[in-house]
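Coordinate inspection notes
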Amino acid sequence: MKKRTQLLAMFLAGAVMMAPANVFADETETETATEVATEAASEDAESVFPFTLVTKDDQEVTFTHVPERVISTNPNTGEELMALGLGDKIIGTCYNNAELPEQYREEYESKPKISDDNGYPSLEVVLDLDPDFIYGRSSAFSDKDTAIATHDTLSSYGIMSLSSIEGYKLGCDVEDVYQDFYNLGKIFQVEDKANEVVDAMKEKIADVESKIDGTEPIKVFNFDCEMDGGAYTPGNNFTSKLIRHAGGVNVFEDLEKTWNTVSWEAVVEADPDIIVINDYGETTADEKIQALKDNDALSDVTAIKNENFLVITLPEVFASTRVADTIEKFAEAFHPECFE
């Protein structure tokens, strides 16, 4: 009996001594696996960089690493960044003349504003923030006093930058917005998320287009604001393509500029069926609509007589995650019978 007790004690002591060793072995294996995965991810990123993208004015920007300190120059480009889960990298925003969708609004508005709501910061202000990447509309990147700086200038300061394609490409279409997301996915190494965002947009656009298939396009006038005794309106630009996808035709889509000023006589001659109002700035959408109604020259225009107006915000017709939603919104207004 005494011998059995001694053997049992020796067995239990051995088991106790072995248990911590097994635990430590498991922890060591887990830590090693984590280190290997981290190193592999790092090596994958390193294998991508450096690479070069061509952006506004055919300027080339070389990307050397995943950005960590990002400036968003416009609400719609901020929306693109946040849709990819990159909100935590944004250190400053500017030109905040429109709201983001509710799902992003609170976080985006908590970011430091580095300019007023209708302008860009100076280069000096930007340099003080020490960003490593700036993403925005093309209007932010030039040598004009109203812009930040050209892409070449920013590169000379070691700052990577990129213009959203929609802002500078004549005849831009939805594929160019998809390319924005693909570019950002590569830059930030979130390509799976970029593909997810794009695939969702493609699916929704296809669904809308199938609903309006066979309808006759209606005539659309997009009124941005009064300018130089006429109307400021899009020509061969992204808005025109969105209207086309939704079963309409911009009455000024043949103008060979992305944005143009047209005479009121031209609007009368075009006789649009519906007027899309861009809602932004100090003049409200209601005030713009009332100004059109009060313009005697437009009294016989079909859209004015029928009071057929559709109000949109600028980010809805700029490159953003809302591209498919805007096409659906347009289509419902142009062809309501297809959505009953």
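Residues numbered from 1 in each chain as written. Predicted model: local features only at pLDDT ≥ 70, side-chain atom pairs only at ≥ 80, totals over all residues. Heavy atoms only, no water.

**Considerations on the sheet that holds strand β13 (residues 309-313)**
Strand pairing in a sheet relies on backbone hydrogen bonds, with the paired strands running either antiparallel or parallel. The parallel open sheet is built from 4 strands, whose spatial order is β10-β7-β12-β13. The open sheet has two edge strands, β10 (248-250) and β13, and neither has a second partner. For this sheet the average axis-to-axis angle between neighbouring strands, irrespective of direction, equals 35°. Across the sheet, helix α10 (residues 285-294) touches β7 (218-223), β12 (274-279) and β13, and the angle it forms with β12 is around 140°. (Pairing = 2+ DSSP bridges. Helix = DSSP H or I, 4+ residues; strand = E, 2+ residues; numbered from the N terminus. Axes fitted to C-alpha atoms, helices over the stretch in contact; angles between N-to-C directions. Contact = heavy atoms within 4.5 Å.)

**A word on the sheet that holds strand β11 (residues 259-262)**
Pairing is antiparallel in the open sheet, where 3 strands are placed in the order β8-β9-β11. The open sheet has two edge strands with one neighbour each: β8 (225-227) and β11. Geometrically, the sheet is characterised by an average inter-axis angle of 40° between neighbouring strands, direction not taken into account. Bridge analysis of β8 against strand β9 (residues 230-234) gives 3 bridges, and the strand direction is antiparallel. Pairing of M227 across the sheet is with G230, part of β9.

**Regarding the packing of aromatic side chains**
For the structure shown, the criterion picks out 11 aromatic pairs. Measuring from ring centre to ring centre gives 5.9 Å for F63 and F133, while their planes differ by 65°; the resulting arrangement is edge-to-face. In this pair, F63 sits in strand β2 (residues 60-63) while F133 sits in strand β5 (residues 133-136), placing the two residues 70 residues apart along the sequence. Measuring from centroid to centroid gives 6.0 Å for F223 and W264, while their planes differ by 50°, and the two rings are tilted. With F223 in strand β7 and W264 in helix α9 (residues 264-270), this residue pair connects regions lying 41 residues apart in the sequence. Of the residues examined, F223 reaches a relative accessible area of 2% and is grouped as buried. Three or more aromatic residues joined by ring pairs make a cluster, and in this case those are F49, F51, F63, F133, Y135 and F188. Taking NZ or CZ as reference, R137 lies 3.5 Å from the ring centre of F318, over its face. Above the ring of F51, the side-chain terminus of K186 is found at 4.3 Å from the ring centroid. (Phe/Tyr/Trp six-rings, centres within 6.5 Å; stacked < 30°, edge-to-face > 60°. Buried < 20%, exposed > 50% of the residue type's maximum accessible area, 1.4 Å probe, protein only. Lys NZ or Arg CZ within 6 Å of the ring centre and 35° of its normal.)

**Structural notes on the pattern of salt bridges**
Applying the stated criterion across every chain, the model contains 12 salt bridges. E307 serves as the salt-bridge partner of K293, at 3.4 Å between the closest nitrogen and oxygen. You can see K293 sitting in helix α10 and its partner E307 sitting in the loop between α11 (302-305) and β13, a full 14 residues away along the chain. Owing to a relative accessible area of 33%, K293 belongs among the partly exposed residues under this scheme. Look at the salt bridges and you will find they share partners, linking K204, D325 and E328 into a network. (Salt bridge = Lys/Arg side-chain N within 4 Å of Asp/Glu carboxyl O.)

**Regarding the nonpolar core**
Counting residues in hydrophobic clusters, the biggest one holds 54 residues, and the most contacted among them are F63, F133, F181, M201, V323 and F330. In terms of residues, this core owes the most to one element, helix α6 (residues 174-188), which gives 7 residues. Apart from the residues lying within four places of it in its own chain, the contact partners of F133 are F63, P67, R69, V70, I71, I159, M160, S161, L162, L184, I187 and F188. (Core = buried A, V, L, I, M, F, W, Y, C linked by side-chain atoms within 4.5 Å.)

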